[in-house]
Amino acid sequence: MADVAVRLVQLTKRFGGDTTGRRVAKYVDDANADQGFLAVDHIDLDVNEGEFFSLLGPSGCGKTTTLRMIGGFEQPTDGRIELQGEDVTYLPAYKRNVNTVFQNYALFPHLTIYENVAFGLRRRKVSDADVKKRVTEMLELVELPGYEARKPGQISGGQAQRVALARALVNKPAVLLLDEPLGALDLKLRKQMQIELKRIQQEVGITFIYVTHDQEEAMTMSDRIAVMNHGHYEQLGDPEVLYERPRTRFVAGFLGVSNLLPASADGRDDRYANFRLSDGTAVRVPIAVIQDRAGTLALGVRPEKIRLLEEKDESPAGYNRVAGRIVHASYLGVSTQYIVQLKDGHRVTVYEQNVTRATKAELWSSGEDVVLCWAPEHCFVVEDAGGMAAAEADRELAAVV
Amino acid sequence: MIQRVPRGAIPYLLLLPGIGWLVLFYLYPALQLFLVSLWTGNITQGYQQTWNFGIYAEGFNEYWPWIVRSAAYGGLATLLAFLLGYPLAYTIAFKGGRYKNVLLFLVIAPFFTSFLLRTISWKIILADNGLVLGPLKQLGIIPQDFQFLATPVAVIAGITYNLLPFMTLPLYVALEKVDFRLLEAARDLYAGPWRPGGAIVGAIGGGILAFLAALVVEINPLLPVAVAAVVGALIGRYLISESFVRITFPLSLPGVFAGSLLTFIPAVGDFVNADLLGNVRTQMIGNVIEARFLKITDYPMASALSFILMAAIIIGVLIYARILGTEELTGGRA
């Protein structure tokens, strides 16, 4: 078991509605009035030493507030923060062995790049010779040697990003916090920096806690991801577990595209559980997939896992087969995206690599009847507490983000 | 048909009214004044243009104590305005919240009354047996012969009061621009309280201030300096943080520069405060120039003194700009 770098215990942050005695007392009869906004709702979380950990979620989900509490910029309303086993909940930011890469870099405009990077070391009274050595090393690590004498106003956004990273890392913090650091960069530079960040993290071996709303970014870099929504995380795990086995409708919708179908349980044998879709089709799901799921369930399958067949085509033994009709096809180059309508009206997205069918004549076209087939192991099951209505709202939110 | 103005000409066209104004109402009179300073003669027998440059040496030799006094009063008033204005501007900029605009309005509210009227009201309030000193004297708290008016302190206080908004507003503008996220970044990088440094700076600042004040009112500086140093040390110790010293203050330097010039320049040339609140021993160079022009009608000397004052201020400002560092003032933002 790896050592824990950061442990959050029932961490809670409420904004607005005052928590000081008097005002709470004043509104105490008035049920929930002026309770403010619950930004972070009793989070328990362990981040391991040396891990690249991401807090992923839409804006307003509480990810940045969580990060700011770890950094010491927000006082928790309730709960505890431990840093390498030590309670730091009420320790001011300047006493925490944690550094932050801020969203807008927050480089000091009046100081040179060298002095920006040296800032933390100087506050800790590191000797000039050591400062010089470490700053130089760090600027080399972020590939900006020779920029020492420039001012932040004289470098590009991508370079400012690297300086911000160097300025935090040079202090060798126990944990590095990154608050959507790539948000202001253009797509190409962002992709480059993602790889760069991961390289640097592996090189220095420091625990990174990374906040982002970009699922691809989180998946590219993270060892583990906590998907946050409404002030708590809905699921925590490796990127591929989150993708292949999302636990809730929100997680399934936030990470990639997913097809969710309402289904009712219909018995099980020793390896597979049987479900029945609303059009009556029977679908098999490995029992392992549903083991710890409770409440109302929905069945999911990722678009790229589905194969399209003609009615007469054979599918591999044991595969799920569902009939539908193509309603929309769009050619994307590397793949073709189909929207297939099932008999009960539900629509399913399917991605097909343009390998076996590549030319216009070979592709499916709308109006054609098809059979969707996929391996039972490619099914996932989500808890669908809110039902379809709440789900739509979540999906819209995810789409906006 | 509309004739289009060439694009390149637009900046010059926009500058034209301002430049015209300055040429007509500043450059031309200044030139005229310069020529007048080189006249010889008097009002009854008439003046001749004699190019008498010797008048500058003469003026400087005769009136340097007034020039030095003006610089000292102006400098002290600027320092006081800075010490009063900086906390004021800082509070409005960082803690003002939704009352920011109200507070700013209050800073400039005195401008709605004439400068002269306000200075005269000081004279009434602080008169020997006026609103403030009268009751204090009756209660025996201060001696009967104590006076505030007709002292250097009154003149400096009056100048400080009148020019405080000119200090506060540029400071506010500079401080308001300081991004609070930079302060978070500084705290993140271990900038905490600045207790020893703050205490030392506070002690030195308080000490200098008390020493200067003691010099002006001509009392033994030992006790005031000691008291002020202790008070300053305490204030500095608990009020000054490392992020203020390293981030906020350096970033507010353009405001300090602008504010101190806007305060110092009119302060040095002021004569109203010295006239209304001072006595003969507190006269500034402005009073001399005023008297030479309007009472003695010695136009050449009045003009020469005006030019000496102008030259002194320009030299002083250039040195000041060099010390504060122009690069700091124009340094780009991230």
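Residues numbered from 1 in each chain as written. Chains lettered and ligands numbered in written order. Predicted model: local features only at pLDDT ≥ 70, side-chain atom pairs only at ≥ 80, totals over all residues. Heavy atoms only, no water.

### Topic: the pairing of strand 13 (residues 282-286) of chain A
Residue and element names in this part refer to chain A. Cut-off, in case you're wondering: In this analysis, strands are considered paired if DSSP registers two or more bridges between them. Strands are runs of DSSP state E lasting at least 2 residues, helices are runs of H or I lasting at least 4, and numbering of each runs from the N terminus.
Across 5 bridges, strand 12 (residues 272-277) lies against strand 13 in antiparallel orientation. Paired with A273 across the bridge in strand 13 is V285. Count of turn residues in the strand 12/strand 13 antiparallel hairpin: 4 residues, of which G280 carries a positive phi of about 95 degrees.

### Brief notes about the environment of B:G158
Residue and element names in this part refer to chain B. Our working rule: A contact between two residues is defined here by any heavy atoms of the two lying within 4.5 Å.
Along the chain, G158 falls in helix 6 (residues 152-176). Linking G158 and A77, residues 81 residues apart in sequence, is a C-alpha distance of 8.6 Å. Leaving out residues up to four positions away in the same chain, G158 has contacts with W122, N273 and L277.

### Here's the deal with the layout of surface pockets
Residues and elements named next belong to chain B. Convention followed: Residues are called lining when one of their atoms sits within 4 Å of a cavity or pocket point, these points coming from a 1 Å grid over the protein atoms alone, where a cavity is a set in which a 1.4 Å probe fits but cannot get out and a pocket is an open set with protein on both sides within 12 Å along at least five of seven lines. Grid points are joined across faces, edges and corners, and a volume is the space filled by probe spheres set on the points.
Estimates place the volume of the largest pocket at around 1,600 Å³. Lining the largest pocket are 39 residues, and of these L83, Y86, I235, I240 and F244 lie nearest its centre. Looking at the lining of the largest pocket, the elements that each hand over two or more residues are helix 2 (54-95), helix 7 (180-188), helix 8 (195-217), helix 9 (222-239) and helix 10 (242-269).

### With respect to helix 1 (residues 10-37) of chain B
All names here are of chain B. Counted only if it meets this: Multiply 1.5 Å by the residue count of a helix minus one, and that product is the helix's expected span. The angle between axes fitted to the seven-residue stretch ending at a residue and the seven-residue stretch beginning at it gives the bend at that residue. Residue exposure (1.4 Å probe, protein chains only): buried if accessible area is under 20% of the type maximum, exposed if over 50%, otherwise partly exposed.
For helix 1, with 28 residues, the first-to-last C-alpha span of 39 Å sits near the 40 Å given by 1.5 Å per residue. A maximum bend of about 40 degrees is found in helix 1 at L16, where proline P17 lies one to four positions downstream. Considered for burial, the residues of helix 1 that qualify are A30, V36 and S37. For helix 1, the secondary structure elements touched by its buried residues are strand 1 (39-42), helix 2 and helix 13 (299-324).

### Some points on the pattern of salt bridges
All names here are of chain A. What counts here: Note on definitions: salt bridges are taken to be side-chain nitrogens of Lys or Arg within 4 Å of carboxyl oxygens of Asp or Glu.
Tallied over the entire structure, the rule returns 29 salt bridges over all chains. The residue R199 makes a salt bridge to E143 at a minimum N-O spacing of 3.7 Å. Here R199 is found in helix 6 (residues 187-204), whereas its partner E143 is found in the loop between helix 4 (128-141) and helix 5 (157-169), with 56 residues between them in sequence. Overall, R199 belongs to the partly exposed group, its relative accessible area being 26%. Residue E143 is classed as partly exposed on the basis of its relative accessible area of 48%. Among the salt bridges present, the one from R247 reaches E383, with a minimum N-O distance of 3.6 Å. Taken together, the positions of R247 in the loop between helix 8 (239-244) and helix 9 (249-254) and E383 in strand 20 (residues 379-383) put the pair 136 residues apart, joining distant regions of the chain.

### Describing a nonpolar patch on the surface
Our working rule: Each patch is built from residues that are more than 30% exposed by relative accessible area and take part in no salt bridge. Like charges join if they lie within 9 Å; nonpolar side chains (Val, Leu, Ile, Met, Phe, Trp, Tyr) join within 5 Å. Shrake-Rupley sampling with a 1.4 Å probe provides the accessible areas, and residues are treated as covered by the protein chains on show and by no other component.
The grouping of B:Y12, B:L15, B:I19, B:L22, B:V23, B:Y26 and B:L27 at the surface amounts to a nonpolar patch, some 730 Å² of accessible area in total. On the secondary structure map, B:Y12 appears in helix 1.

### A short note on the domain arrangement of chain A
Residue and element names in this part refer to chain A. Stated precisely, the cut-off is as follows: The domain boundaries here were taken from an automatic or database domain assignment. Take the accessible area each of two parts loses on contact, using a 1.4 Å probe, and add the two losses: that sum is the buried area. Nitrogen and oxygen atoms within 3.5 Å of one another constitute a polar contact, given that in protein one can donate a hydrogen and the other can accept it, and given that sequence-neighbouring residues count only through two side-chain atoms.
Domain parsing of chain A yields domain 1 (4-241) and domain 2 (249-400). Each of domain 1 and domain 2 was reduced to a C-alpha centroid, and the two centroids are 37 Å apart. In this assembly, 12 residues from domain 1 lie in contact with 7 residues from domain 2. Of all residues in domain 1, the largest losses of buried area upon contact with domain 2 belong to P58, Q215 and V227, amounting jointly to 45% of the total for that side. Remark: the boundary between domain 1 and domain 2 carries 0 salt bridges. Our count for the domain 1 to domain 2 interface comes out at 0 residue pairs in polar contact (both at pLDDT 80 or more). Of all the secondary structure elements, the ones that give two or more residues to the side of domain 1 that touches domain 2 are helix 7 (215-221), strand 9 (224-229) and strand 10 (232-237). In terms of residue count, strand 9 provides more of the side of domain 1 that touches domain 2 than any other element does, 3 residues in total.

### A few points about the pairing of strand 1 of chain B
All names here are of chain B. Sheet topology note: the strand 1/strand 2 (residues 46-49) ladder contains 4 bridges and is antiparallel. Of the residues in strand 2, the one forming a bridge with N42 is G46. Here strand 1 hands over to strand 2 after 3 residues, the two strands then running antiparallel side by side.

### Let's talk about the sheet that holds strand 16 (residues 320-331) of chain A
Residue and element names in this part refer to chain A. Where we set the bar: Every angle, taken between N-to-C directions, lies between 0 and 180 degrees, and every axis is a line fitted to C-alpha atoms, over only the stretch in contact when it is a helix.
Spatially, 15-19-16-17-18 is the arrangement adopted by the 5 strands of the open sheet, whose pairing is antiparallel. Every other strand in the sheet has two partners, leaving strand 15 (307-309) and strand 18 (347-353) as the edge strands with one partner each. Strand-to-strand twist across the sheet, computed as the mean angle between neighbouring axes with direction ignored, equals 45 degrees. Pairing of strand 17 (residues 335-342) with strand 18, which is carried by 7 bridges, proceeds in the antiparallel orientation. Bridge pairing in strand 18 links T336 to E352.

### Points about the interface of chain B and chain A
Between chain B and chain A, the contact holds 22 residues from the first and 27 residues from the second. For the pair chain B and chain A, the summed buried area comes to about 2,300 Å², and 60% of that belongs to carbon and sulfur atoms. Area buried by chain B at its contact with chain A is led by B:D188, B:L189 and B:Y190, which between them contribute 34% of it. The tally of links between chain B and chain A comes to 2 salt bridges. Here B:E184 ties to A:R68 by a salt bridge, and the two come within 2.6 Å at their closest N and O atoms.

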